[in-house]
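# Summary of the model geometry
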Amino acid sequence: MSKDHKAQVVTVAVMVVVLAVGVVRKTGWRPSNLRPARITRQSDAPAGQDPQDAIYGMLAAARTGDTKSYLASFSGPMEANLRQTLAERTESDFAKYLRDSQATVKGVAVSDPETTSDGQAKVRVEYIYQDRNEAQTMYLEKGAHGWKINRADSDERVKTLIPYGTPVK
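Residues numbered from 1 in each chain as written. Predicted model: local features only at pLDDT ≥ 70, side-chain atom pairs only at ≥ 80, totals over all residues. Heavy atoms only, no water.

### Side note on the nonpolar core
What counts is decided by this rule: Take the buried residues of types Ala, Val, Leu, Ile, Met, Phe, Trp, Tyr and Cys, join any two whose side-chain atoms come within 4.5 Å, and each joined set is a nonpolar core. Relative accessibility decides the category of a residue: with a 1.4 Å probe and only protein chains considered, values under 20% of the type maximum give buried, values over 50% give exposed, and everything between is partly exposed. Counting from the N terminus, the helices are the DSSP runs of H or I reaching at least four residues and the strands are the DSSP runs of E reaching at least two.
By size, the foremost hydrophobic cluster in this structure holds 24 residues, and its most contacted members are I55, M58, Y70, Y127, M138 and L140. Counting only elements with at least two residues in this core, the list comes to α2 (51-64), α3 (67-72), α4 (76-87), α5 (91-103), β3 (105-110), β5 (120-129), β6 (133-143) and β7 (146-152).

### A word on the layout of surface pockets
Just so we agree on the cut-off: A cavity here means a set of 1 Å grid points, computed over protein atoms only, where a 1.4 Å probe fits but cannot escape. A pocket is an open set with protein on both sides within 12 Å along at least 5 of 7 lines, and lining residues have an atom within 4 Å of a point. Grid points are joined across faces, edges and corners, and a volume is the space filled by probe spheres set on the points. Only Asp, Glu, Lys and Arg are considered charged, only Ala, Val, Leu, Ile, Met, Phe, Trp, Tyr, Cys and Pro nonpolar, and every remaining residue, Gly among them, polar.
By volume, the second largest pocket amounts to about 490 Å³. Forming the boundary of the second largest pocket are 22 residues, of which Y70, Y97, S101, Y127 and Q136 lie nearest the centre. Mapped onto the lining of the second largest pocket, the elements with two or more residues apiece are α2, α4, α5, β5 and β6. The element best represented in the lining of the second largest pocket is α5, accounting for five residues. Among the residues forming the lining of the second largest pocket, the class breakdown is 15 nonpolar, four polar and three charged.

### Considering the side chain of Q136
For the record, the criterion: Polar contact is the term for a pair of N or O atoms within 3.5 Å; when the atoms are in protein, one must be able to donate a hydrogen and the other to accept it, and sequence-neighboring residues count only if both atoms are side-chain atoms. Between two residues, a contact is recorded if the distance between any of their heavy atoms is within 4.5 Å.
Topologically, Q136 is positioned in strand β6. Accessibility expressed as a relative area gives 14% for Q136, which makes it buried. In terms of polar contacts, Q136 uses its side chain to reach the side chain of D155, at 3.3 Å. Not counting chain neighbours up to four residues away, the residues in contact with Q136 comprise V123, R124, V125, Y127, A152, D153, S154 and D155.

Here's what the structure looks like:
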């Protein structure tokens, strides 16, 4: 088997796994009960019902430039820093910054949360760009209004074997 053929097989396998994970998450299927869980529309699900929902909500707000929802995704020092940034700009400039920051993101992989203590969780988020991947660990706290991002580590570049969008031969 040639090196190119192996790379193609690995690429197809990874794509199948990613698609399967997406279908499982979307349908709510759980192997423990061998039947689909109740499927809720995004608008029906309570905001921040789990740490991953809080992260996806933050990303959706950034993608649309919804500054209020974006800020509502954070708590503690991160929220204070973001509110200070907003105070130094106009809301429309901040919304444009949010939209622009997400414009080059091709996809996002959010890991399962690791509960660090009661009401706290740690989640690894990997951002997929055309030419690179970057990973960041986010720390969340559960409060009266659901899960909120409290702090985040710096982005780290992740080595990718095959860049996003590489044609399969």
